[in-house]
Amino acid sequence: MTIAPGPEQTQTDLVTVVVDDISVRVPKGTLVIRVAEQMGVEIPRFCDHPLLDAVAACRMCLIEIDGNPKPQPACAITVTDGMKVKTQRTSPVAEKAQEGVMEFLLLNHPLDCPICDKGGECPLQNQAMTAGRGESRFEGKKRTFPKPINISAQILLDRERCVSCARCTRFADQIAGDPMLELLERGAQQQVGVADDAPFDSYFSGNTIQICPVGALTSSLYRFRSRPFDLVSTPTTCEHCASGCSLRTDVRRGEITRRLAWDDPEVNEEWNCDKGRFAFKYTHDGRVKTPLIREDGELRPASWPEALDAAARGLAAAGDRVGVLTGGRLTREDAYSYAKFARIVLGTDDIDFRSRPASDEEAQFLAAAVAGRLLGPTYADLDAADNVVMVGLEPEDESPIIMLRLRRAARKAGTRVWGVSPVNTRGLAKVDGTWVPCRAGDEAALLRSALQSGDSPADGSAEAAAVQITRALSTPGAVLLIGERLASVPGALSAAWALAERTGARVGWVPRRAGERGALDAGALAGLLPGGRPLTDPTARAEVARVWGVEPDQLPRYAGRAGSGAIVESASALVLAGIEPDDDPDRSAILAALGSETFVVSIETHHSAVTELADVILPVAVDAERAGSYTDWEGRVRPFGAAITGVSTVTDSRVLAMLADTMDRSIGRGDIGELRSELAALGNWTGSRAAAPDAIPETRVSDGLRLASWRLLLDLGRLQDGEPHLAATARATEALMSPATAAAYGLTDGALVTVTAVGTGSRPRGSVCVALRLDDVAHDTVWLPMNSPGCSVLVDLQSVPGESVLISLEASA
């Protein structure tokens, strides 16, 4: 029997080992426990985990090895040529050793099984039956601790259940880079704990619950809520960001009770962030439950036919002056339906999925470089790259699995990570990254300088940084990751694409929201048809018209308006889906349109600022109630099924199909199978593309203090509503400045400061008052969280990153 070598191994790297009298050839360096697994032999274990470094803490996996006088841990011994191993199946010595270890582990373990959340899926329960003694010989008093204790707002610890396997502490240190958990004390008093002033407020803390083998770590949200055998489990995809994590959603009596990370080696491995794990209460609270129409200035409930008739009349009255704005909650299939509905039923190309800071340059970049492209770069490319350069992206906050994969690549393969950012972030430190300081708004100039740099290092710091970036991107397999924030920096995306073309680096566009890449590929952007097809290309028009069952001349002839501001300004009617005005720099224009004569149809899951002012509201299903797919930042389609079944809610696609029928135009039934068939029939565009953007960076003069900002992972986002335990672990709302800049303004660490927008043109001035923390920040820069409690940059400050601001000591300080 031969176990296949890895892709970089050859037959000469194989060794012969005998396990339970069966000879096998396996790759050199393989752990004994892995060899046994691949042979179908299950060796009991608690501390062992394939993604964690071996520690041999629990000693449950003891085996007999010829030539060794004592049993050895299978999880920490690598095979050698000629090794002879006997597991508990063939060795009385190994069997007795495992029984003894199990007996010791159970000496102080409480009889909590009837109430323990792990009951029914507990490795300790299972292995006590298969590898333990039939009866206990212990007659003394078991060790007890007060229980439970909070090691964070959402993680509870029952210390007497712990078997000191060190899975949680190793995960926190090795995988998450948050070494806040430690094994404290010695002997029988050993226990997992945290420092009094440092709770386990990690973005990835929930993974420790899932990998704990004994129920010592439990969730505040799930504790005492259910038994595993009461749950209906469905494979799903996370809707909170573009990482594309595979999850398992567990439902009991029509409500989600918990989410777990699902094993997906190509994407999230076995991990996910706490936002994806715990932020699901929004699916129950604040829902729009029935269609609503506005009469005499007031909303009233209506039947579906009545609401659809009202929406159809209002949209038909607007002619072709209709705009469609969608948000990040849409699946790939629903975004495709909006693209089809806009072109066929409304006769408009005024459609945009980017309800956030955006630009025409970004739209051109997406059309040229991203839409309809084949898979890549991928997570595997990050693992294999010598260098990864990030610009306008803080992955720990904006795409957490990218941060975990970069951390693994840095630890295991020596991948060097570069972060072009106004702040030297905690996430960059976790990947052992090199910080390239850059004020918000100067990214384009830095990238353009890198594009024009020579091979010799320069004396100035900015020029030297440009040379470093160019050299890093010129290495084999280099990847350039760019975040959606670059859309607000004129010339940045143009320079990034040109730099990648020059150096041969692969470009990865990382949007913040889960639905954006799928919406782009589905054609929910002005000038683009599904699959990245240019609207004005005759061949592209003919391909789409054939699948849609219309004539090419029935599609809009010219590219429409892009950007929420332009669409809202010109429209007599709007179709809005998943729009949150507070996320958009054109917030005032959107709210003004909603309060004006513009006819507004809101297709929405929850009540919001939009539904308060809309003329017709049509309720739709949330993720858990529908099947669909998201496309992650790689371009990988991530399908999922409906976790909650038997409900009366309908998808966006079905609502649009009914609305189209009401307007005497058909776009199909709107069911998932039909939509996926159409998308598969269209495929990706293989013809000529729009030219890449070539915008020139703005010339920025010395403009005093400049604002930098991005969204923290845990903030005031609507999909986090209703989960106080998760909100309690969010990072503090505070301003960041460098010590030198703070000293220039007479400020000190911890001071209460007021940050005020300078204001340009008719933009009103706004201000926020927050505490100041000194950190590694670019010169003459103040960083604020984009949308955290007490600080919304777009709403309170009424500003955008890169603009000038003022700072002063709060008068009451």
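One can find the structure itself at the top, above this paragraph.
Residues numbered from 1 in each chain as written. Predicted model: local features only at pLDDT ≥ 70, side-chain atom pairs only at ≥ 80, totals over all residues. Heavy atoms only, no water.

## Points about the nonpolar core
- Membership of the largest hydrophobic core comes to 104 residues, with the highest contact counts inside it found for V17, L382 and L481.
- Excluding anything up to four places from it in sequence, L382 contacts V388, I402, L406, A409, T415, V479, L481 and W633.
- By size, the runner-up hydrophobic cluster in this structure holds 92 residues, among which are A342, A524, A577 and V616. (Core = buried A, V, L, I, M, F, W, Y, C linked by side-chain atoms within 4.5 Å. Buried < 20%, exposed > 50% of the residue type's maximum accessible area, 1.4 Å probe, protein only. Contact = heavy atoms within 4.5 Å.)

## Observations regarding the sheet that holds strand β13 (residues 255-261)
- Read across the sheet, three strands follow the order β11-β12-β13 without closing on themselves; strand pairing throughout is antiparallel. Only two strands of the sheet have a single partner each, and these edge strands are β11 (232-237) and β13. Along the sheet, successive strands turn relative to each other by an average axial angle of 30°, direction set aside. (Pairing = 2+ DSSP bridges. Helix = DSSP H or I, 4+ residues; strand = E, 2+ residues; numbered from the N terminus. Axes fitted to C-alpha atoms, helices over the stretch in contact; angles between N-to-C directions.)

## Description of the pairing of strand β15 (residues 298-301)
- As paired elements, strand β14 (residues 292-295) and β15 share four bridges and run antiparallel to each other. In the sheet register, R294 faces β15, and the bridge partner there is L299.
- Between β14 and β15, which pair antiparallel one after the other, the connecting turn spans two residues, and D296 there sits at a positive phi close to 55°.

## Notes on the packing of helix α7 (residues 304-317) against helix α22 (residues 652-662)
- The interhelical angle for the contact between α7 and α22, taken along N-to-C directions, is 65°, at an axis separation of 9 Å. Comparing their axes, α22 and α7 come out roughly perpendicular. Seen along the crossing, α7 lies across α22 with a hand that is right-handed. Judged by residue contacts, W304, L308, D309, A311, A312 and L315 of α7 engage V655, M658, L659 and T662 from α22.
- Residue composition of the contact of α7 with α22, grouped by class: eight nonpolar, one polar and one charged. (Parallel < 35°, antiparallel > 145°, perpendicular 65-115°, else oblique. Left-handed = near helix turned anticlockwise from the far one by under 90°. Nonpolar A, V, L, I, M, F, W, Y, C, P; charged D, E, K, R; others polar.)

## Brief notes about helix α1 (residues 32-39)
- Burial analysis of α1 places six of its eight residues in the buried class, which makes it a mostly covered element.
- Contact partners of the buried residues in α1: β1 (14-19), β2 (22-27), β3 (62-65) and β5 (83-86).
- One or two residues past the end of α1 sits G40, with phi positive at roughly 90°.

## Some remarks on the layout of surface pockets
- Roughly 1000 Å³ of internal volume is contained in the largest pocket.
- What lines the largest pocket is a set of 45 residues, among which K118, E121, P123, R167 and Q210 lie closest to the centre.
- Elements represented by at least two residues in the lining of the largest pocket include exactly α1, α2 (92-107), α3 (123-131), α5 (206-211), β10 (217-219), β13 and α6 (274-278).
- Here the lining of the largest pocket is composed, by residue class, of 17 nonpolar, 11 polar and 17 charged.
- Here the second largest pocket defines a volume of roughly 730 Å³.
- Together, 35 residues line the second largest pocket, and E580, D583, G717, R718 and L719 are the ones closest to its centre.
- Taken together, the residues of the lining of the second largest pocket break down into eight nonpolar, 12 polar and 15 charged. (1 Å grid on protein atoms, 1.4 Å probe; cavity = no way out; pocket = protein on both sides within 12 Å on 5 of 7 lines; lining within 4 Å. Points joined across faces, edges and corners; volume = space filled by probe spheres on them.)

## Focus on the side chain of S421
- The topology assignment puts S421 in strand β19 (residues 416-421).
- The class for S421 is buried, based on a relative accessible area of 10%.
- Setting aside residues no more than four positions away along its own chain, S421 makes contact with W435, V436, P437, C438 and W710.

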